[in-house]
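Below are the chains, spelled out letter by letter.
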Amino acid sequence: MSEPLAIELQMQEAHPSLVALSWFCGITYTFLFVAGMLIQNLVNYKNKSTKGYSTDYALIAFAGFVCLLLNQTLGIVDPFSDAGRVHIMDEVFAVCMLMSSAWALVQCWIYPSD
């Protein structure tokens, strides 16, 4: 039996309350992480400055979320790839964070940092 199929069968056997808890934690994590980045973007916009926000972090975050989105998309297209089993919530997280990190990166270029 292939490893992805074995993992799929294990997930189907998981207790429904554990599956629900997993989804709740995933949705909560996504919401809080995206909210944190959006608040940073709004503060940068309000202040018309990125003082205290690292341009290096913005660039690395953007590159990382591009790679995450590509990986998650591969997992949805081919669930037997190295990306493994990907839920739609994983894809939503990757898209939201890519957009938010792109916004932060653009802010680093257009607003002064000092």
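See the structure above.
Below, the structure is looked at part by part. Owing to the predicted nature of the structure, the values given are computational and were not obtained by experimental measurement.

1. What about the packing of helix α2 (residues 16-47) against helix α4 (residues 88-110)?
Geometrically, a packed helix pair is captured by the angle between its two axes and the distance between the axes.
Here is step 1 of the chain: Orientation of α2 relative to α4, taken along the N-to-C sense of each, is 10 degrees, at an axis distance of 10 Å. By the angle between their directions, the pair α2 and α4 is classed as roughly parallel. Counting all contacts with α2, which are made through W23, I27, Y29, T30, F33, V34, M37, L38, N41, L42, N44 and Y45, the residues of α4 involved are M89, F93, C96, M97, S100, S101, W103, A104 and Q107.
Here is step 2 of the chain: Here the residues of the contact of α2 with α4 sort into 15 nonpolar, six polar and no charged.

2. A look at α2
Counting along an α-helix, one turn takes 3.6 residues, and residues three or four places apart therefore face a common direction.
Here is step 1 of the chain: Between the first and last C-alpha of α2 there are 46 Å, a value that for 32 residues agrees with the 46 Å anticipated at 1.5 Å per step.
Here is step 2 of the chain: For α2, the complete set of buried residues consists of T30, V34, M37, N41 and N44.
Here is step 3 of the chain: Looking at the buried residues of α2, the elements they touch are α3 (55-77) and α4.
Here is step 4 of the chain: K48 occupies a position one or two residues after α2 and carries a positive phi of about 50 degrees.

Definitions and limits used
- Residues numbered from 1 in each chain as written.
- Predicted model: local features only at pLDDT ≥ 70, side-chain atom pairs only at ≥ 80, totals over all residues.
- Heavy atoms only, no water.
- Axes fitted to C-alpha atoms, helices over the stretch in contact; angles between N-to-C directions.
- Helix = DSSP H or I, 4+ residues; strand = E, 2+ residues; numbered from the N terminus.
- Parallel < 35°, antiparallel > 145°, perpendicular 65-115°, else oblique.
- Contact = heavy atoms within 4.5 Å.
- Nonpolar A, V, L, I, M, F, W, Y, C, P; charged D, E, K, R; others polar.
- Expected span 1.5 Å × (residues − 1).
- Buried < 20%, exposed > 50% of the residue type's maximum accessible area, 1.4 Å probe, protein only.

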